[in-house]
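Spelled out, the chains give:
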Amino acid sequence: MARFSQPDPSRATRRTVLTALVAVIVISFAIAAVAGITVLLIGPEGDLMSRVLVTTLIVGGFSIGALSCLALWGRPAHSFGVAGAGVNAASAVVALISAWAEQGSDDFWRILNRLLVSGLIISAAWALAALMLLLSQRHRPIIRIGLAATLVALGVTTALAVAGVWWDAIADADIYPRALGTLGILSALGVVVVPVLALLLRDSPATSVPRDFPADVANHLLETARRRGVSVAELVAPVLDEPTGSSSDHGRADQGSNGTTPTLEA
């Protein structure tokens, strides 16, 4: 049976960290956008203008990728999202170095260009995988199987593409473009079809919980409802039944012993 307790301090800390990360990303993008507009309107033309505009595109593109990864914040795949945001940040640094570097040997530019292309591929794939993982708590078998197949295809496609960037022997193989193209098409198909199926095929009531519920509470409610063979609404109905409790009871449930608002924990 669910119990009431005081708010979890770690949850507030995680929310603060998320807010700070999003603020940094948005502010960075805003600064880059202002710089790009300024250069377009009053700045000098030529190489400097091109570099500032490329910088704006780099910051904007990788900011979108990082925000896509951070959409997993507070979910079971939280660590994957944080790692993806870090990968996007590292790739953005490589891209900025590539845009602004003046000198370097041929080997330096060859390695930098490979790092740049690899970073673009991995960052884009990571962001897509993070968005797909938003469906990881859906319980329809066709959605779960489709999600797993899409993630595997996306991972293999990414690995094969990066391998082709770094090893010429792989990129020059006759089967390479066919294999890469086939896997890429399968990945794209899954990225489109699985979310559409998720929209069309809703979970049964026993596996539906409001989206703003904390993940741990939602998971506990779902598992308990499935174990008892009832819907979540039926499970919590005795607790929320207005006629069975007085107003004073509700008042005590709304506040903790020290007057603060409690939260529901699994």
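Residues numbered from 1 in each chain as written. Predicted model: local features only at pLDDT ≥ 70, side-chain atom pairs only at ≥ 80, totals over all residues. Heavy atoms only, no water.

Asker: Describe the overall build of the protein, naming the residues involved and giving the relevant values.
Answerer: In terms of helices and strands, the protein carries 10 helices and two strands. In the protein, the order of α-helices and β-strands from amino to carboxyl end is β-α-α-α-α-α-α-α-α-α-α-β. Per-residue burial over the protein gives 29% buried out of 266 residues. Total accessible area on the protein stands at roughly 16000 Å², and carbon and sulfur atoms take up 69% of it. (Helix = DSSP H or I, 4+ residues; strand = E, 2+ residues; numbered from the N terminus. Buried < 20%, exposed > 50% of the residue type's maximum accessible area, 1.4 Å probe, protein only. Areas by Shrake-Rupley, 256 points an atom, 1.4 Å probe, with all protein chains shown as cover.)

Asker: Explain the packing of helix α4 (residues 106-132) against helix α5 (residues 141-166) to me, and be specific about the residues and the numbers.
Answerer: At a minimum axis separation of 10 Å, α4 and α5 run at an interaxial angle of 175°. By the criterion of interaxial angle, the relationship of α4 to α5 is roughly antiparallel. Contact residues: Ile111, Arg114, Leu115, Val117, Ser118, Ile121, Ile122, Ala125, Leu128, Ala129 and Met132 in α4; Leu147, Thr150, Leu151, Leu154, Thr158, Ala161, Val162, Val165 and Trp166 in α5. Among the residues making up the contact of α4 with α5, the classes are represented as 16 nonpolar, three polar and one charged. (Axes fitted to C-alpha atoms, helices over the stretch in contact; angles between N-to-C directions. Parallel < 35°, antiparallel > 145°, perpendicular 65-115°, else oblique. Contact = heavy atoms within 4.5 Å. Nonpolar A, V, L, I, M, F, W, Y, C, P; charged D, E, K, R; others polar.)

Asker: Account for the pattern of salt bridges, naming residues and giving values.
Answerer: Opposite charge on two side chains permits them to pair, given that their charged atoms come into close proximity. By the definition in use, this model includes two salt bridges. Note that arginine 110 and aspartate 107 form a salt bridge whose closest N and O atoms lie 2.1 Å from each other. Of the two residues, arginine 110 and aspartate 107 are both situated in helix α4; the distance of three residues between them amounts to about one turn of the helix. We classify arginine 110 as partly exposed; its relative accessible area is 41%. (Salt bridge = Lys/Arg side-chain N within 4 Å of Asp/Glu carboxyl O.)

Asker: For the packing of helix α2 (residues 47-70) against α4, give the residues involved together with the corresponding values.
Answerer: Contact geometry of α2 with α4 gives a least axis separation of 8 Å together with a crossing angle of 35°. For the element pair α2 and α4, the recorded crossing hand is left-handed. Mapping the contact onto sequence places Phe62, Gly65, Ser68 and Cys69 in α2 and Gly119, Leu120, Ser123, Trp126, Ala127, Ala130 and Leu131 in α4. For the contact of α2 with α4, the per-class residue count stands at seven nonpolar, four polar and no charged. (Left-handed = near helix turned anticlockwise from the far one by under 90°.)

Asker: Mind laying out a nonpolar patch on the surface, listing which residues take part and the relevant values?
Answerer: Nonpolar side chains collect at one region of the surface, where Leu186, Leu189, Val192, Val193, Val196, Leu199 and Leu200 lie side by side and expose about 660 Å² of accessible area between them. Within the secondary structure, leucine 186 sits in helix α7 (residues 176-200). (Patch = residues over 30% accessible without salt bridge, like charges linked within 9 Å, V, L, I, M, F, W, Y side chains within 5 Å.)

Asker: Outline the nonpolar core, listing residues and values.
Answerer: If you look at the biggest cluster of nonpolar residues, it comprises 10 residues: Ile25, Ala66, Cys69, Leu70, Leu72, Trp73, Ala77, Ala85, Ala130 and Leu133. Of all the elements, α2 adds the most residues to this core, at three residues. With residues near it in sequence (within four places) discarded, isoleucine 25 still touches Ser63, Ala66, Leu67 and Leu70. (Core = buried A, V, L, I, M, F, W, Y, C linked by side-chain atoms within 4.5 Å.)

Asker: Report on the confidence of the model for the protein, specifying residues and quantitative values.
Answerer: Per-residue confidence for the protein gives a mean pLDDT of 78; residues scoring 70 or more make up 77%. Within the model, the stretch residues 1-7 combines pLDDT values under 50 with 20 contacts to residues more than four positions away or in other chains. Taken together, the stretch residues 242-266 has pLDDT below 50 and engages in 35 contacts with residues farther than four places along the chain or on a different chain. (pLDDT = per-residue confidence, 0-100.)

Asker: Tell me about the side chain of serine 68, residues and numbers included.
Answerer: Position of serine 68 relative to the elements: it lies in helix α2. Among the residues examined, serine 68 registers a relative accessible area of 13% and is labelled buried. Setting aside residues up to four positions removed in sequence, serine 68 forms contacts with Ala127, Ala130 and Leu131.

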